[in-house]
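Structure assessment
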Amino acid sequence: MSPLLRTVNRILLGLAAVVLVCVGGAVLAAGLGLSVPPWWPWYGRSDVLLSEADRDRWRGEGWWWPAVIAALAIVVVLALWWLLAQPRRARLAEVLVDSGDGEGALLRGRALEGVLADEAGNLDGVARARVVLTGRRSSPHARIRLLMEPHAAPEETLGRLTDEALAHARDSAGLARLPAEVRLRAVEHRAERVS
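These notes cover the structure that comes with them. (Residues numbered from 1 in each chain as written. Predicted model: local features only at pLDDT ≥ 70, side-chain atom pairs only at ≥ 80, totals over all residues. Heavy atoms only, no water.)

Some remarks on the packing of helix H4 (residues 109-121) against helix H5 (residues 154-172)
Remark: H4 packs on H5, axes separated minimally by 9 Å, with the N-to-C direction vectors making an angle of 155 degrees. As judged from the angle between their axes, H4 and H5 are roughly antiparallel. Along this stretch, H4 crosses H5, giving a crossing that reads as right-handed. Residues Leu-112, Leu-116, Glu-119 and Ala-120 of H4 form the contact with H5, whose own contacting residues are Leu-161, Glu-164, Ala-165, Leu-166, His-168 and Ala-169. Partitioning the contact of H4 with H5 into residue classes produces 7 nonpolar, 1 polar and 2 charged. (Axes fitted to C-alpha atoms, helices over the stretch in contact; angles between N-to-C directions. Helix = DSSP H or I, 4+ residues; strand = E, 2+ residues; numbered from the N terminus. Parallel < 35°, antiparallel > 145°, perpendicular 65-115°, else oblique. Left-handed = near helix turned anticlockwise from the far one by under 90°. Contact = heavy atoms within 4.5 Å. Nonpolar A, V, L, I, M, F, W, Y, C, P; charged D, E, K, R; others polar.)

Structural notes on the pairing of strand E3 (residues 126-136)
Sheet analysis places E3 next to strand E4 (residues 139-148), joined by 10 bridges and oriented antiparallel. Counted as the bridge partner of Val-126 is Met-148 from E4. (Pairing = 2+ DSSP bridges.)

Comments concerning H4
When the terminal C-alpha atoms of H4 are compared, their 18 Å separation across 13 residues agrees well with the 18 Å that a helix rising 1.5 Å per residue should span. For H4, every residue scored as buried is listed here: Gly-109, Leu-112, Glu-113, Leu-116, Ala-117 and Ala-120. Down the axis of H4, the smallest arc covering the buried residues is 130 degrees, so these residues share one side. In this structure, H4 carries Arg-110, Val-115 and Asp-118 as exposed residues pointing more than 90 degrees from its buried face. Each element contacted by the buried residues of H4 is listed here: strand E1 (94-97), strand E2 (105-108), E3, E4 and H5. (Expected span 1.5 Å × (residues − 1). Buried < 20%, exposed > 50% of the residue type's maximum accessible area, 1.4 Å probe, protein only. Arc of directions from axis to C-beta.)

Re the sheet that holds strand E5 (residues 180-186)
Read across the sheet, 3 strands follow the order E3-E4-E5 without closing on themselves; strand pairing throughout is mixed. Looking at the sheet topology across the chains shown, the edges are occupied by E3 and E5. Pairwise comparison of adjacent strand axes, ignoring direction, gives a mean angle of 15 degrees for this sheet. Where H4 meets the sheet, it contacts E3 and E4, and its direction lies at approximately 150 degrees from that of E3. The sheet contacts of H5 involve E3, E4 and E5, and relative to E4 the element is tilted by about 145 degrees.

Focus: the pattern of salt bridges
For the structure shown, the criterion picks out 3 salt bridges. The salt bridge partner of Arg-170 is Asp-171, with a shortest N-O separation of 3.8 Å. Under the relative-accessibility criterion, Asp-171 is labelled exposed at 53%. With its nearest N and O atoms 2.8 Å apart, the salt bridge here joins Glu-181 to Arg-183. Under the relative-accessibility criterion, Glu-181 is labelled partly exposed at 32%. Taking the relative accessible area as the measure of exposure, Arg-183 reaches 47% and is therefore partly exposed. (Salt bridge = Lys/Arg side-chain N within 4 Å of Asp/Glu carboxyl O.)

Have a look at this one:
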């Protein structure tokens, strides 16, 4: 999860908690018959959230219903955006490379993904390779998808991917480790006719 998404999650959860605690506390205090300040919206057990006068006050205004609908639409769109953003893993924009001088250098994540995908795609038996880097810039994780040719040996291809492509990427970026999740899928092909 990206730092921005993590921050937005914490702010939204904090705001939702504050609103729920305040509204719940106000309803509970009024329902229990506790003394409440004069500006408090509810005064007793028989009091309602919105009186009929409050509900009818703005109905005659032409801007009322469009404003209510627009506000509710914004709330729904933001809630959907927040919900859909949760399972998405952020793609790593840059990788921190130890340059040996104590400062380090930044390598574009897409560049490392491209090199790793090219090297994995050139392995025998691999039709196409896709690589996505996730995690933190000091400790990236690779998600690799390989589309395998019909004649490929998965065990051999996986061994060469680990020993060659991943090892080269790890060494060139100066990383202590580069964990990877590899998914293999076979190319769809027609059955061959034997005569």
